Amino acid sequence: MKILVKFYDGKSSKEHMVFVKFSKDRFEIEDFNIKVDIKDIEISSRLGSTPRVIQLPDGSRCKISDNNKLDRILRDIGYKQSLIHQIESSWRFAVGSLVIVIFFIIFMLTAGADYTSKFLADILPKDTLVYISQKSLEELDKEYFQKSRLSDDEKRRVKKSFHLIGDYRYQILFRSSKTLGANAFALPDGRIVILDDLIELDRSKNYYGVLGILAHEKAHIDNRHSIRILIKNSIAISIMGYITDDISLLATMLPSLMITAKYSREFEKEADIYAKNRLKELNISTKYLAYIFKEIDKRVESKGVKSVPAWLLTHPSTPDRIKFFMDN
Amino acid sequence: MSLGVYSAWAKVRTNRYLFASTFLNGSNFEYNIDPKKILLGRAFIVIFYGLFMLFSNILGLNILSYILLTIFLLSLPWLIKQAIKFKFKTISYRNIRFDYRGESRDFYILIFIFISLSLMFGLIYNILPIEYTLIRVVMVIFGFIYLLSFIYKRFKELIINNVYYGKTQFNLNIETKDVAKIFFKTALAATLLIIILFTVGIFISISLQTIFHLSVSEVKVVINILGALFYMLFLSFIKGVVDGSISNLIRNSVTLGTAKFKGEIDSIKLGFISLTNILILIFSLGLLYPYAKIRYLKEKIENTYFACENFDKFVSNNINKDSGVLGEETVDFFDIDIGI
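Worth saying up front: this structure is predicted, and the values here are computed from it rather than measured. (Residues numbered from 1 in each chain as written. Chains lettered and ligands numbered in written order. Predicted model: local features only at pLDDT ≥ 70, side-chain atom pairs only at ≥ 80, totals over all residues. Heavy atoms only, no water.)

Caption draft 1: Focus on the overall build of chain A. Summing up its helical and strand segments, chain A has 11 helices and 11 strands in all. Classification of the 328 residues of chain A by burial places 45% in the buried group. Restricting the contact set of chain A to residue pairs at least 6 apart, pairs at least 24 apart contribute 61%. Within the structure as shown, chain A displays about 18,400 Å² of accessible surface, and the carbon and sulfur contribution to it stands at 57%. (Helix = DSSP H or I, 4+ residues; strand = E, 2+ residues; numbered from the N terminus. Buried < 20%, exposed > 50% of the residue type's maximum accessible area, 1.4 Å probe, protein only. Contact = heavy atoms within 4.5 Å. Areas by Shrake-Rupley, 256 points an atom, 1.4 Å probe, with all protein chains shown as cover.)

Listed below in structure tokens is the structure:
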């Protein structure tokens, strides 16, 4: 069985058009007086429509463009071929693997990231949590926080209110901030920072609104949300970076932001649900908490940062939260 | 799960396809490498990196990790050379291999020149009294671009002038001022484009407020998103234009023996391809990356010509020994763009 090939001897770049002959155990090029055992040649696997290469033991090479004819010959002489071309040229395999890849990515970004972050957050030693919290607090104290304006009596009453749900493992720190306004933060080691502006928004004498906020922050601590979000975000960014390669890092910035914002919204929702349930158990109305959110909403609106699109928000939208805590 | 082990095979097959589909004057290129070698290189890097992380983050043995880091930084020029050597040695054309015979020494010298020139540049800049604002600005723009062009030219020469096709050597002959001209032109065009973009941005924000009656904060959000998008598009456009112009310059100044190359890439068109690629990537969430990459490569390669009358004269140097794969993988692993 003969087939026309381009022959390169490997010594010069000269190209020769020659016929080569295949038989069951021999490979021959008559023009160059080459006769070798079929086991000694290496035939590259078919790759798209590119010419296939036959590598001879002496370093010379043949290139064949008529892939179908070569396949027929090789089949006839019983030469074992790799299946890879059949897999690569099958639409079913291509679409199938694309679907698998997409589902795998989605799985990694959802259940996979969930599981990994939970697993890693749970095995992190207490020392690490304390260290991270201490460092963050030092940084926040230096950059954003000032001393609290509250009187000792007010502080005592807030703490008393919190003792309805929390024990000695949690510690409440009072601060004020010119830039951060009405806000509260949960440090992973069990400390909760609450800012004066937020406490001042509470209408309830017994600080039941603040209690709701503290319950929300307690849920963040109990479920190690801050650590988990850190891990989840790194997972999301690495996955996006890995599948899209380096040049498109900028292009996938927006999708990455959306994913991390979504993770954050989920945790906030979880903490909100916990706060609502705890208050219900204690027979305390959640309307004080809703009232605080209403006040925050008013202030934010007057400042004019309201219209960030919902899918980029790290928290559920404030009107939604007000509605959530108003419903009983 | 193969844990990425088979990605070496995937890489080789992708490259084999890319090279085999690249035809120059009727013959295609050949990519010859055993994937196991790439795997070996990767394993070494992972171990090295793992040791570094172990020493620095877990054991707290900072001194050991600093030593490793120093070793890495000191061997970086050598690693880059290895990567370049590897890149060329794996490619053949008409069964004649390419080779790279650059010396590590030259890489160390070039990096030394670069560092000392940069330091000198910074020193002079700081010595000049603040009153000479104009001189400082001119110096920054012209001096820096010229410095960059000089280093770029030396780097390209170091690479291309040491490449062999069989026994025949490539020869690149460019002037710093040709490179600088391209950079200057681009900087000028970029400045103009930025001014235009700003004007358009202001125009859009005014019309959003007056025609669509959006609040100031809403306009801010829209402008921020549009701004980020246009910034990306702008950068990729400039990147394509520079790549096109530089590639033309190099192709037109390089010879292989007596045979000349010719680059007729439309750099503006390449810029637009690079720009639209970003849009393609955004809207496909990165899934159309292969399409975008091929589209770009195709435009570059299809406009490259090689004027050689007689192809039979190139002779093999008969050394088909493979060089170490370590360099290539290191450079790939740490994502250093050597930009050939």
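Next comes the rest of the write-up.
Caption draft 2: Seen up close, the overall build of chain B. Along chain B, the regular secondary structure elements total 10 helices and nine strands. A total of 340 residues make up chain B; the buried ones form 44% of that total. A separation of at least 24 residues holds for 71% of the contacts in chain B among residues at least 6 apart in sequence. Counting only carbon and sulfur atoms, one obtains 70% of the accessible surface of chain B, whose full area is about 19,400 Å².

Caption draft 3: Representation of the sheet that holds strand β9 (residues 304-307) of chain B within the structure. Residue and element names in this part refer to chain B. Reading across the sheet, the nine strands line up as β1-β2-β3-β4-β5-β6-β7-β8-β9 and stay open at both edges, with antiparallel pairing between neighbours. Both outer strands of the open sheet, β1 (23-24) and β9, are each paired with one neighbouring strand and no more. In terms of strand pairing, β1 meets strand β2 (residues 27-31) through two bridges, oriented antiparallel. Bridge assignment links Phe23 to a residue of β2, and that residue is Asn28. (Pairing = 2+ DSSP bridges.)

Caption draft 4: Quick look at the environment of Met258(A). All names here are of chain A. Here Met258 is to be found in helix α9 (residues 253-281). By relative accessible area, which is 35% here, Met258 ends up partly exposed. Residues Met258 and Thr314, spaced 56 residues apart in sequence, show a C-alpha to C-alpha distance of 9.0 Å.

Caption draft 5: Structural view of the pairing of strand β11 (residues 191-195) of chain A. All names here are of chain A. Summarising burial for β11: five of the five residues are buried, a large majority. A two-sided burial pattern is seen for β11, the buried positions comprising Arg191, Val193 and Leu195 on one face and Ile192 and Ile194 on the other. Where strand β10 (residues 184-186) folds back on β11, the antiparallel hairpin that results is connected by four residues, among which Gly190 adopts a positive phi of roughly 110 degrees.

Caption draft 6: Spatial organisation of the sheet that holds strand β2 (residues 16-22) of chain A. All names here are of chain A. Reading across the sheet, the seven strands line up as β4-β3-β2-β1-β7-β6-β5 and stay open at both edges, with antiparallel pairing between neighbours. The sheet is open, and its two edges are formed by β4 (34-37) and β5 (42-43), each paired on a single side. Sheet topology note: the β2/strand β3 (residues 26-29) ladder contains two bridges and is antiparallel. Note that in β3 the partner of Phe22 across the bridge is Phe27. Sitting on the sheet, helix α1 (residues 67-77) touches β1 (2-8), β2, β5, β6 (52-55) and β7 (61-64), and the angle it makes with β1 is about 115 degrees. (Axes fitted to C-alpha atoms, helices over the stretch in contact; angles between N-to-C directions.)

Caption draft 7: Structural context of the packing of helix α5 (residues 133-160) of chain B against helix α6 (residues 176-210) of chain B. Residue and element names in this part refer to chain B. For the pair α5 and α6, interaxial distance at closest approach is 8 Å and the crossing angle is 130 degrees. Classified by the angle between their axes, α5 and α6 sit oblique to one another. In the crossing of α5 with α6, the sense of the turn from one axis to the other is right-handed. Here Ile141, Phe142, Ile145, Tyr146, Leu148, Ser149, Phe150, Tyr152 and Lys153 of α5 lie close against α6, whose contacting residues are Thr176, Lys177, Val179, Ala180, Phe183, Phe184 and Ala187. Looking at the contact of α5 with α6, its residues break down into 12 nonpolar, two polar and two charged. (Parallel < 35°, antiparallel > 145°, perpendicular 65-115°, else oblique. Left-handed = near helix turned anticlockwise from the far one by under 90°. Nonpolar A, V, L, I, M, F, W, Y, C, P; charged D, E, K, R; others polar.)

Caption draft 8: Summary view of the pattern of salt bridges. Enumeration over the complete set of coordinates arrives at 28 salt bridges over all chains. Across the pair Arg149(A) and Asp196(A) runs a salt bridge whose closest N-O atoms are separated by 4.0 Å. Remark: Asp196(A) occurs in helix α6 (residues 196-200) and Arg149(A) occurs in the loop between β8 (145-147) and α5 (152-162); sequence separation between them is 47 residues. Lys85(B) serves as the salt-bridge partner of Asp99(B), at 4.0 Å between the closest nitrogen and oxygen. Of this pair, Asp99(B) sits in strand β4 (residues 96-100) while Lys85(B) sits in helix α3 (residues 62-89), and the two are 14 residues apart along the sequence. For Asp99(B), a relative accessible area of 8% gives the class buried. The network of salt bridges with common partners includes Asp114(A), Lys232(A), Lys262(A) and Glu266(A). (Salt bridge = Lys/Arg side-chain N within 4 Å of Asp/Glu carboxyl O.)

Caption draft 9: Representation of the nonpolar core in the model. Ranked by size, the top nonpolar core spans 49 residues in total, and within it Phe98(B), Tyr165(B) and Phe170(B) carry the most contacts. Of the residues forming this core, the biggest block, 10 residues, is contributed by helix α7 (residues 216-252) of chain B. Here Phe170(B) is in contact with Phe98(B), Ile160(B), Asn161(B), Val163(B), Tyr164(B), Tyr165(B), Val254(B), Thr255(B), Leu256(B) and Phe261(B), once residues within four sequence places are set aside. Counting 33 residues, the second largest nonpolar core, distinct from the first, contains Tyr207(A), Val210(A), Leu214(A) and Phe325(A). (Core = buried A, V, L, I, M, F, W, Y, C linked by side-chain atoms within 4.5 Å.)

Caption draft 10: Structural context of helix α4 (residues 104-127) of chain B. Counted at 1.5 Å a residue, the expected span for α4(B) with its 24 residues is 34 Å, and the 35 Å between its end C-alpha atoms agrees. Along its buried surface, α4(B) packs onto α3, β4 and α5 of chain B. (Expected span 1.5 Å × (residues − 1).)

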